[in-house]
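The primary structure of each chain is shown beneath.
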Amino acid sequence: PLHCVFLGNGPSGICLSYLLSGYIPYFKRDSLHPHPILQRKLEEAPDVSILDQDLEYLSEGLEGRSHSPVALLFDTLQRPDTDFGGTAESVLTWWHETDRAIPHLVLGRNAPGGAWHSIEGSMVTLSRGEWMGLPDLPFKDWLKQKRRGLRNNRATAEDIAHYYQYYVMKKGLQKNFRCGTVVTSVRKVSADSISNCAQKHLQENSNSLWNFNENSTEVFQVDGFFKTVKGDKEPFSIYAENVVLATGTYDSPTWLGVKGENLSYVHHKLSALEEAVKNSRIGIMSDPVLIVGAGLTAADAILFAHHCNIPVIHVFRRRVTDPGLIFNQLPKMMYPEYHRVHQMMKEQSAACAGPYESYVSLPEHHVLSFGKDKKCILQDKNGYQKVYKISMALVLTGSNPNLSFLPNNGLDLAMDSDQPVNPKRNPIDVDPFTYECTLEKGLYALGPLAGDNFVRFVQGGALAVASSLLKKANKNPP
């Protein structure tokens, strides 16, 4: 069996592949980190790579915009003072130690970059451009080669997707990636049950002198299919000692669970609105579009509709002043367009017409049902109901990961095993310093599945997994 297979080839998977390909981070001598306690710890063992140090010790006492200590550690080593607007250089230097590489496969549906290939290309990222970068190849350096700058410090989804593909090529990681693969099942089997023939076939194909750890009695069997150029499906089975779940959360949009939600005019993706406008099914004279949700995707839909002069009714459950509302957490200067949506939400409630035409905000409302006649019934917090005639509805209230390939849909792995896995409310329960699942040894979870929702913070998880796998493979220096 292989030492490791990852499911998902987005930023988490790419970063982990880089670390397992023998690229090892060390503290750069003579560099000065603005955090004095961390600086002192880094100076204690400058000849020991970060991967081989005690990550819990190094990350102790760090604070920032993530709940994961390792995410904060790796982020601050790469971008020391970025949260204060600084541009201090990374305090890491990278060495390519090929003898420490661990053979692995990265399975993904799309080209490297994962869900970034499914997002409308002109969309601007929420995070600053430099926060989208991966280790040892700053995003802004790549943009410079394209002779382009960052608009308002932010980047487009298309740029990001291209950068991730370039990164995989530039760092020589292509051999580890298998694109166009769909995984249908991951389960534990006893090592004895793998036929010798399958073992031999796998070893011949992995063209490495990898010593499989004979002691491990159980391995993971990963089943699925490749989509060939002709469109056929070729089944495969791979055996691995460790499996890393890095499939993100973009798969299944959340449904409200109300009557009529499956009618043809009710959609759960922003692309449906773009498509309808492009095909002239919706325009200035149409009935309003109903947009449900108060996150950034809903805001993107409102901006798009506003740009095309399409009337909008905007429904959301929270109060406009709710501190949990994402708009109340974003600095105005950096996000002028989202600030504008927030202004509209405040000033344009149905009770009082505001300065923006063709937009009505209905805070503290929820949808009761969608009718076949395109009439939608809404209810406010006092139980009053209103009926609106609409042209289409977009339910944009988040998305959930699809873990149907795991036994019991991965429920047993979550913090609360009675509820489905959700990146914000119910992530997979992992050890914070190895990212190994608490309930299933050998299975790891990265990125949104483990509660890390920003590219800059998924990389610490990759550092933790790489450190753990190197220890397991006994590829550590004395």
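Computed from a predicted model, the values in this text were never measured in an experiment.

Digging into a negative patch on the surface
So, step 1. Judged by side-chain charge, Asp54, Glu56, Glu60 and Asp431 come together as a negatively charged surface patch.
So, step 2. As for its placement among the helices and strands, Asp431 is situated in the loop between β20 (399-400) and β21 (443-445).
So, step 3. Taking relative accessible area as the criterion, Asp431 reaches 33% and is therefore assigned partly exposed.

Description of the pattern of salt bridges
So, step 1. Counted by the stated rule, this structure contains 13 salt bridges.
So, step 2. Where Arg79 meets Asp75, a salt bridge forms, and the shortest distance between an N and an O atom there is 3.2 Å. Across this residue pair, the class does not change: Arg79 and Asp75 are buried.
So, step 3. In this structure, Lys389 and Asp287 form a salt bridge, with 3.7 Å as the shortest nitrogen-oxygen distance. Here Lys389 is found in strand β18 (residues 385-389), whereas its partner Asp287 is found in the loop between α8 (271-278) and β13 (289-292), with 102 residues between them in sequence.
So, step 4. The partly exposed category is assigned to Lys389, whose relative accessible area is 39%.

Describing the packing of aromatic side chains
So, step 1. Following the criterion strictly, the structure yields 11 aromatic pairs and no others.
So, step 2. Between Tyr18 and Tyr167, the ring centres sit 5.7 Å apart and the planes meet at 65°, which makes this aromatic pair edge-to-face. Residue Tyr18 is located in helix α1 (residues 11-20), and its partner Tyr167 is located in helix α6 (residues 157-170); the two are separated by 149 residues in the primary sequence. Tyr167 shares its class with Tyr18; the two are buried.
So, step 3. Here Tyr163 and Tyr164 contribute two aromatic rings whose centre-to-centre distance is 5.4 Å and whose plane-to-plane angle is 55°, an arrangement assigned as tilted. Of the two residues, Tyr163 and Tyr164, neither departs from the other in class, the shared state being buried.

What about α6?
So, step 1. Taking 1.5 Å per residue, 14 residues should reach 20 Å; α6 reaches 20 Å between its end C-alpha atoms and fits that length.
So, step 2. Of the residues one or two after α6, Gly172 is the one with positive phi, at around 70°.

So, the sheet that holds strand β14 (residues 312-315)
One key point about sheets: their strands pair by backbone hydrogen bonds, in either a parallel or an antiparallel sense.
So, step 1. Spatial ordering of the open sheet is given by β12-β19-β13-β14-β15, a layout of 5 strands whose pairing is parallel. The open sheet has two edge strands, β12 (266-267) and β15 (359-362), and neither has a second partner.
So, step 2. Pairing of β13 with β14 involves 4 bridges; the strand directions are parallel. Bridging from a neighbouring strand, Leu290 pairs with Ile313 of β14.
So, step 3. Lying over the sheet, α8 contacts β12, β13 and β19 (392-395), oriented at roughly 155° with respect to β19.

Some remarks on the sheet that holds β18
So, step 1. As summarised here, the arrangement of the 3 strands in space is β16-β17-β18, forming an open sheet in which the pairing is antiparallel. Looking at strand neighbours, the two that pair on one side only are β16 (365-370) and β18, the edges of this open sheet. The sheet shows a mean angle of 30° between the axes of neighbouring strands, taken without regard to direction.
So, step 2. By the bridge criterion, 5 bridges tie strand β17 (residues 375-380) to β18 in an arrangement that is antiparallel. Following the sheet pairing, Gln379 is matched in β18 by Gln385.

Topic: the nonpolar core
So, step 1. In this structure, Leu7, Leu16, Val186, Val222, Val243, Leu245 and Ile428 are the most contacted members of the largest nonpolar core, which totals 86 residues.
So, step 2. Of the residues forming this core, the biggest block, 9 residues, is contributed by helix α11 (residues 455-472).
So, step 3. Filtering out sequence-adjacent residues up to four positions away, Leu245 remains in contact with Leu7, Phe405, Leu406, Leu413, Ile428, Leu443, Tyr444, Ala445, Leu446 and Leu449.
So, step 4. Residues Ala299, Ile302, Leu394 and Leu396 belong to the second largest nonpolar core, which totals 31 residues.

As for the environment of Gln174
So, step 1. Secondary-structure assignment places Gln174 in the loop between α6 and β7 (177-179).
So, step 2. When its relative accessible area of 38% is taken as the criterion, Gln174 is described as partly exposed.
So, step 3. For the pair Gln174 and Ser17, spaced 157 residues apart in the sequence, the C-alpha separation amounts to 9.7 Å.

Here we look at the confidence of the model for the protein
So, step 1. Averaged over all residues, the pLDDT of the protein equals 85, while 86% of them reach at least 70.
So, step 2. Here helix α7 (residues 196-205) is the element of the protein with the lowest mean pLDDT, 48, and β13 is the one with the highest, 97.
So, step 3. The low-confidence segment residues 200-214 (pLDDT under 50) makes 14 contacts with residues lying over four places distant or belonging to another chain.

Some points on the packing of helix α4 (residues 69-78) against α11
So, step 1. At a minimum axis separation of 7 Å, α4 and α11 run at an interaxial angle of 110°. Viewed along their axes, α4 and α11 adopt a mutual orientation that is roughly perpendicular. Residues Val70, Ala71, Leu72, Phe74, Asp75 and Gln78 of α4 form the contact with α11, whose participating residues are Arg456, Phe457, Gln459, Gly460, Leu463 and Ala464.
So, step 2. Looking at the contact of α4 with α11 residue by residue, the class counts come to 7 nonpolar, 3 polar and 2 charged.

Focus: the environment of Met285
So, step 1. Residue position: Met285 is located in the loop between α8 and β13.
So, step 2. Using a relative accessible area of 79% as the deciding quantity, one classes Met285 as exposed.
So, step 3. C-alpha separation for the pair Met285 and Ile310, spaced 25 residues apart in sequence, amounts to 7.7 Å.

Let's talk about the side chain of His342
So, step 1. Inspection of the secondary structure assignment puts His342 in helix α10 (residues 336-347).
So, step 2. Setting aside chain neighbours within four positions, we find His342 in contact with Val320, Leu325, Phe327 and Asn328.

Focus: the packing of α8 against helix α9 (residues 296-307)
So, step 1. α9 packs onto α8 with a crossing angle of 15° between their chain directions and a minimal axis gap of 10 Å. On the basis of their axis angle, the class for α8 and α9 is roughly parallel. Of the two possible hands of crossing, α8 and α9 adopt the one that is left-handed. Here Leu273, Glu274 and Val277 of α8 lie close against α9, whose contacting residues are Ala301, Phe304 and Ala305.
So, step 2. Within the contact of α8 with α9, the residues separate by chemical class into 5 nonpolar, no polar and 1 charged.

What counts as what
Residues numbered from 1 in each chain as written. Predicted model: local features only at pLDDT ≥ 70, side-chain atom pairs only at ≥ 80, totals over all residues. Heavy atoms only, no water. Patch = residues over 30% accessible without salt bridge, like charges linked within 9 Å, V, L, I, M, F, W, Y side chains within 5 Å. Areas by Shrake-Rupley, 256 points an atom, 1.4 Å probe, with all protein chains shown as cover. Salt bridge = Lys/Arg side-chain N within 4 Å of Asp/Glu carboxyl O. Lys, Arg positive; Asp, Glu negative; His and termini not counted. Charge placed at Lys NZ, Arg CZ, Asp CG, Glu CD. Helix = DSSP H or I, 4+ residues; strand = E, 2+ residues; numbered from the N terminus. Buried < 20%, exposed > 50% of the residue type's maximum accessible area, 1.4 Å probe, protein only. Phe/Tyr/Trp six-rings, centres within 6.5 Å; stacked < 30°, edge-to-face > 60°. Expected span 1.5 Å × (residues − 1). Pairing = 2+ DSSP bridges. Contact = heavy atoms within 4.5 Å. Axes fitted to C-alpha atoms, helices over the stretch in contact; angles between N-to-C directions. Core = buried A, V, L, I, M, F, W, Y, C linked by side-chain atoms within 4.5 Å. pLDDT = per-residue confidence, 0-100. Parallel < 35°, antiparallel > 145°, perpendicular 65-115°, else oblique. Nonpolar A, V, L, I, M, F, W, Y, C, P; charged D, E, K, R; others polar. Left-handed = near helix turned anticlockwise from the far one by under 90°.

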